[in-house]
Amino acid sequence: MSDKNVLSLKDLLSPSSILRLLTAGAKKTVTELKELNTLITQIGRENASLSMEDLDRLSQSSLETASRYGRNAADYLSEVSRAFRTGYQDAEGMAELSLALQNAGGVTAELASQLVTTMDRAYQLGGSVDSLTQILDGCSQITQHNDASFAQLAQGMSLAGSAAASLGVDAGETAAALGTMIAATHQGGAEAANAFNALLLSIGQVSDTEAGIDTESLARYEDACRSLGVSLKETRDGMLALRDPMDVLRELSDAYNALDDSDTRKDSLLAAVGGDVDTSQIDALLRHWDIYESMLGQYTNGSGSLAAAAQEHADSWEGSLNRLSNTWSGFVGNLADTDGVTAAIDGLNSLLSAAGSVTERLGALGTVGAGAGLLAGLKNVGMA
């Protein structure tokens, strides 16, 4: 080992260097504690129905709950705050669901919230964490077995979920259809959602001026389907009614794949879909109906998939470091006691700043004295 390396090692292990590292780590924790205190205060201010006992329990549980997902407590409390603002009663359960989704799918907090809220409202789940977990389990299972990322599928579900639900297409069918388009075309969730929305509106004979679908395009699509021997309507209880969209698509797929690629009826069917859509997405769904059915089966058997995928992140290096950070922050007794905690944190921050300044000027022997002084100072503010 060279003299330079020996010198570097000595510097690294010197008392002054060790104290500098401890001081930096402690100052980081102080910053995190201030953030947690701010979040708890904000939650209390925005939700008058929460008592001090509620806030105390939330502050005490935030570190433990976040650690289960390998996330910082601030991540968890931010999701609790978001869930409360959205109007959910079980804000803590929704926050955990969001963290699991972020872990499992590698999606942003914003996209996770958008997906959960869209599914909840579209399928009228009433904020049921169990029902939402079933949907996310199925989506997770699909993405784990196919060439479609969770982020892509989440984006597609967020954009197409409402229209699909209004036309009688359940969450599993929506996920499988979008997953098939994404996997077959290697494009994103937005492109798949745009095409699926237009396709469902055309089958459901619903005009949408914003989507570029009018009565003329609807009639054209019905004629194109009829040319393949597929009807959009059926007689039920003596009344003419629209058929289930996915039943129509299954029959269209059979008829479409039975045609030669040169048959003009294929292009006519694709072109008849109203709106500005990428017809390759529709072609992919019709051509690969077997993939759709496979994904639908995977969705049905997805129980526990989200939690298993989320645990992988929790067990990662990043997750372990976040748990360590939460443990280090665990000495705070009551984040809801704003005045007392803020005073203690400010006092600790001042001491740490002073210690950091001293270590810049003292040598190894002087640093030992500074460390003793710092510990004495911490005891004086009741934090050591």
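This is a predicted model, so every value here is computed, not measured.

## Topic: the confidence of the model for the protein
Then comes step 1: Here the protein averages 83 in pLDDT, and 74% of its residues register 70 or above.
Then comes step 2: Per-residue pLDDT stays below 50 along residues 331-338; that stretch engages in 25 contacts with residues further than four places along the chain or on separate chains.
Then comes step 3: pLDDT under 50 marks residues 362-384. Its contacts with residues more than four places away, or in other chains, come to 27 contacts.

## Digging into the packing of helix α8 (residues 150-166) against helix α10 (residues 189-203)
Then comes step 1: Between α8 and α10, the shortest axis-to-axis distance is 7 Å and the interhelical angle comes to 20°. Taken together, the axes of α8 and α10 are roughly parallel relative to one another. In this structure, α8 crosses over α10, and the sense of that crossing is right-handed. Of the residues in α10, those touching α8 at Gln152, Gln155, Gly156, Leu159, Ala160, Ala163 and Ala164 are Gly189, Ala190, Ala193, Phe196, Asn197 and Leu200.

## Re empty space enclosed by the protein
Then comes step 1: With the rule as written, the count across this model stands at 1 cavity of 30 Å³ or more.
Then comes step 2: In this structure, the largest cavity spans a volume of roughly 90 Å³.
Then comes step 3: As for the largest cavity, its lining consists of Glu79, Arg82, Ala83, Thr86, Tyr88, Met94, Ala95, Ser98, Ala112, Ser113, Val116 and Thr117.
Then comes step 4: Of all the secondary-structure elements, those providing two or more residues to the lining of the largest cavity are α4 (73-86), α5 (91-105) and α6 (109-122).
Then comes step 5: Residue composition of the lining of the largest cavity, grouped by class: 6 nonpolar, 4 polar and 2 charged.

Reading the values: the criteria
Every chain is numbered on its own, with residues counted from 1 as its sequence reads. Restriction of local features to residues with pLDDT of at least 70 applies here, the model being predicted, together with a cutoff of 80 or more for giving and counting side-chain atom pairs; totals for whole chains, interfaces and linings are based on all residues. Side-chain numbers come from the whole structure's heavy atoms, not from hydrogens or water. The predictor attaches a confidence to each residue, and that confidence, scored 0 to 100, is pLDDT. Here, two residues are considered to be in contact whenever any of their heavy atoms come within 4.5 Å of each other. Here an axis means a line fitted to C-alpha atoms, over the contact stretch when the element is a helix, while the angle between two N-to-C directions is reported on a 0 to 180 degree scale. Helix and strand definitions follow DSSP, with helices as H or I runs of at least four residues and strands as E runs of at least two, each counted in order from the N terminus. Throughout, the term roughly parallel applies to angles under 35 degrees, roughly antiparallel to angles over 145, roughly perpendicular to angles from 65 to 115, and oblique to all others. Each helix crossing is assigned a hand: it is left-handed if the near helix lies turned anticlockwise from the far helix by less than a right angle, otherwise right-handed if that turn is clockwise. Put simply, the grid is 1 Å and covers the protein atoms alone, a cavity is a trapped set of points that fit a 1.4 Å probe, a pocket is an open set with protein on both sides within 12 Å along at least five of seven lines, and lining residues have an atom within 4 Å of a point. Grid points are joined across faces, edges and corners, and a volume is the space filled by probe spheres set on the points. Each residue gets one of three labels, nonpolar for Ala, Val, Leu, Ile, Met, Phe, Trp, Tyr, Cys and Pro, charged for Asp, Glu, Lys and Arg, and polar for the others, Gly among them.

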